[in-house]
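Topology and contacts: notes
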Amino acid sequence: MGLPDGPRTPRMVQMIEWIARPLSYMESCAQRYGDPFTAGFGVFPIIFVSNPQAIQAIFAVDQAHFDAGRANSILQPILGDHSLILLDGTQHQRQRRLLTPPFHGERMRVYGNLIGEIASRVSAQWPEGQPFAMRPFMQQISMQVILQAVFGLDVGQRFDRLEKLLFTMLDSIGSPLSSSLLFFKGLQKSWGSWSPWGRFLYQRHQIDELIYAEIAQRRTEVDPSRTDIFNLLLSARDEHDQPMTDIELHDELITLLVAGHETTATALSWALYWICTLPEVHERLVRELDTLAPDADPSSLLQLPYLNAVCQETLRLYPVAMITFPRVAKLPFQLMGYQIEAGTAVAPCIYLLHRRPDLYPEPERFRPERFLERQYSPFEFLPFGGGNRRCIGMAFALLEMKLVLATILVRFDLILAEKGPILPARRGVTLAPSTGVHMIARRRPSNSPQPAPKTDRLRSL
Ligand code: HEM
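For the structure given in this document, a descriptive report is provided here. Just so it is clear, the structure is predicted and the values come from calculations on it, not from any experiment.

Here we come to the overall build of the chain. From N to C terminus, the chain includes 19 helices and twelve strands. Against the 2.2 N^0.38 benchmark of 23 Å for 461 residues, the chain shows a C-alpha radius of gyration of 22 Å, consistent with a compact globule. If you line up the chain on its principal axes, its C-alpha atoms span 65 × 55 × 45 Å. By the burial criterion, 57% of the 461 residues in the chain qualify as buried. Here the analysis covers contacts within the chain between residues at least 6 apart in sequence; of these, 73% occur between residues at least 24 apart. When the accessible surface of the chain is split by element, carbon and sulfur atoms take 56% of a total near 19400 Å². Treating the 47 positive side-chain charges of the chain as one cloud and the 47 negative ones as another, the clouds have centres 3 Å apart.

Inspection of the region around the ligand gives 27 residues, with H92, R96, F325, R327 and C391 positioned closest. With respect to the ligand, the side chain of R327 contributes an N or O atom lying 2.7 Å from an oxygen atom. Take R389: an N or O atom from its side chain is 3.0 Å from an oxygen atom of the ligand. The set of elements that each furnish at least two residues to the shell around the ligand consists of helix 6 (89-99), helix 13 (246-277) and helix 18 (394-409). Considering each element in turn, the shell around the ligand owes the most residues, six residues, to helix 13. For the shell around the ligand, a count of residues per class yields 16 nonpolar, eight polar and three charged.

Between helix 7 (residues 107-123) and helix 8 (residues 134-151), the least distance of the axes is 10 Å, while the angle of their chain directions is 145°. For the crossing formed where helix 7 meets helix 8, the hand is right-handed. Residue-level contacts link Y111, L114, I115, I118, A119, R121 and V122 of helix 7 to F137, Q140, I141, Q144, V145, Q148 and A149 of helix 8. The class makeup of the residues in the contact of helix 7 with helix 8 is ten nonpolar, three polar and one charged.

So, about the coordination of the iron atom of the ligand. Of all protein atoms, just one serves as a donor to the iron atom of the ligand, and that atom is C391 (SG), at 2.3 Å. Mapped onto the elements, C391 comes out in the loop between helix 17 (370-373) and helix 18.

Moving on, we come to empty space enclosed by the protein. A water-sized probe rolled over the atoms picks out the places where empty space is left. For the structure shown, the criterion picks out three cavities of 30 Å³ or more. Within this model, the largest cavity holds a volume of roughly 60 Å³. Around the largest cavity, the lining residues are D62, Q63, F66, D67, A68, D88, G89, R327, K330, N388 and R389. Mapped onto the lining of the largest cavity, the elements with two or more residues apiece are helix 4 (62-65) and strand 3 (66-67). Residue composition of the lining of the largest cavity, grouped by class: two nonpolar, three polar and six charged.

Let us now look at the pairing of strand 10 (residues 424-427). Of the pairings in the sheet, the one linking strand 10 to strand 11 (residues 430-433) comprises four bridges and is antiparallel in character. Bridge pairing links P424 to P433 in strand 11. Taking the residues that link successive antiparallel strands as the turn, the strand 10-strand 11 hairpin has two residues, and the phi of G428 there is positive, at about 60°.

In a beta sheet, neighbouring strands are held together by backbone hydrogen bonds and run either parallel or antiparallel to one another. Spatially, 4-12-9 is the arrangement adopted by the three strands of the open sheet, whose pairing is antiparallel. Of all the strands in the sheet, just strand 4 (131-133) and strand 9 (412-416) have a single pairing partner and so form its edges. Neighbour to neighbour, the strand axes of the sheet diverge by 45° on average, direction disregarded. Pairing of strand 9 with strand 12 (residues 438-443) involves five bridges; the strand directions are antiparallel. Within the sheet, the bridge partner assigned to D413 lies in strand 12 and is R442.

As a further point, take the layout of surface pockets. There is about 430 Å³ of room inside the second largest pocket. Lining the second largest pocket are 20 residues, with Q312, Y376, S377, F381 and P383 positioned closest to its centre. Counting only elements with at least two residues in the lining of the second largest pocket, the list comes to helix 15 (305-317), helix 17 and helix 18. Ranked by residue count, the leading element in the lining of the second largest pocket is helix 15, at five residues. In terms of residue class, the lining of the second largest pocket is made up of 13 nonpolar, five polar and two charged.

Cut-offs used in this document
- Residues numbered from 1 in each chain as written.
- Predicted model: local features only at pLDDT ≥ 70, side-chain atom pairs only at ≥ 80, totals over all residues.
- Heavy atoms only, no water.
- Helix = DSSP H or I, 4+ residues; strand = E, 2+ residues; numbered from the N terminus.
- Rg over C-alpha atoms; globule rule 2.2 N^0.38 Å.
- Buried < 20%, exposed > 50% of the residue type's maximum accessible area, 1.4 Å probe, protein only.
- Contact = heavy atoms within 4.5 Å.
- Areas by Shrake-Rupley, 256 points an atom, 1.4 Å probe, with all protein chains shown as cover.
- Lys, Arg positive; Asp, Glu negative; His and termini not counted.
- Charge placed at Lys NZ, Arg CZ, Asp CG, Glu CD.
- Near = heavy atom within 4 Å.
- Polar contact = N/O pair within 3.5 Å; in protein donor to acceptor, adjacent residues only side chain to side chain.
- Nonpolar A, V, L, I, M, F, W, Y, C, P; charged D, E, K, R; others polar.
- Axes fitted to C-alpha atoms, helices over the stretch in contact; angles between N-to-C directions.
- Left-handed = near helix turned anticlockwise from the far one by under 90°.
- Donors = N, O, S within 2.8 Å, 3.2 Å for Na, K, Ca; no water.
- 1 Å grid on protein atoms, 1.4 Å probe; cavity = no way out; pocket = protein on both sides within 12 Å on 5 of 7 lines; lining within 4 Å.
- Points joined across faces, edges and corners; volume = space filled by probe spheres on them.
- Pairing = 2+ DSSP bridges.

Take it as geometry only, folks, not as evidence of what the structure does.
As structure tokens, then:
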């Protein structure tokens, strides 16, 4: 069989639907054409797949049969040509080998302390008893965490400028309308700094200057005692004993900043939203946090089953990435009875997979217990993708989610201050809450009978 069926509306119409209403586009295609279906908005046909066995088969032959980097070219203007996300083949393998170790092992302990400190510093700014938008604070936390973990930058002038510029640049392509700039090459024309693309280029240029200035400084002031990821990349050597060039370093650094910041901030905003909306979830979570011994290490949070289930359910219901990177077939490939020709892309569809009623009964409901009752395979639950492109920041993001949630929940009672339920909307290439997630925070009395006594350690971070 040739390609699976899919909408025949013109490419431009499908593209606009995919940008403006991605969830209804996927849902209506799945309803009409089933699984898999072929979307016709890209330069090549993209087959959306939400069958776990088919996803397993794709991940099993990832490297040999597919390229993913070239389907990510819309991110080139932000990340540059040498970004891990845009590479394929041996170049991808090589860069991935360099970038993976900093996100594992002993280093995670250092990051754990850093995350707790930043979360408590940022949440101390919340106005007591007044409604405020939570999402910008989650962005602030995740930006500071990633800037310090990746760059090891201390709060100071370069840090502040980089933080502000990155916010502004990512915001300028955040809404469904402005994200069209990425999807339509024709809109990428600069008519000076007042035009949307001109402004984007100007901001990117300023960010580049700051990063190159930092690279130059760090190359001259080598300090082996530093624990940041930048330092590891500076000293990394490939199989020919060659260090990374300035351009490679720049592109990987910006990749980590962009990939690690918005994604985690979005996941945290959703988690807080669900916790505030559902009192039974809040109560159970706080009760579990209360079981931590007073002198428990922050990393013991990783072992708490309900906290883990809340994070997983958050990433299931509205996955930050709706699809994995599309994989472009290099060779013909058999998928669910279809013959996929070279040049066709397949995209495991995280959103539709996570809503399969056979895997997740009542899929619309936020019910963390499902992750306690059942073990899901990496082909049934994949918020971080899989195969040879699986997110390298997965452990880091989960650590950050757990530490930030725990730090906030032992200090504050939160009340949702939104008029209705919050719906998801496209934000750049991700899915995020459509509002700022407004809340009212009240500091828990320090003699609070609930979690205070046993979570001193988190309070004091
Ligand atoms: C909740 C937070 C996050 C989510 C939901 C997420 C999700 C994803 C997904 C779905 C992919 C594509 C995987 C695939 O196609 O199979 C990916 C790739 C990637 N992520 Fe994440 N991510 C998160 C946080 C992070 C963090 C904290 C970092 C780094 C600091 C990071 C760095 C990357 C990189 C570099 C890639 C590209 C991997 C490659 O091409 O080999 N992400 N992420």
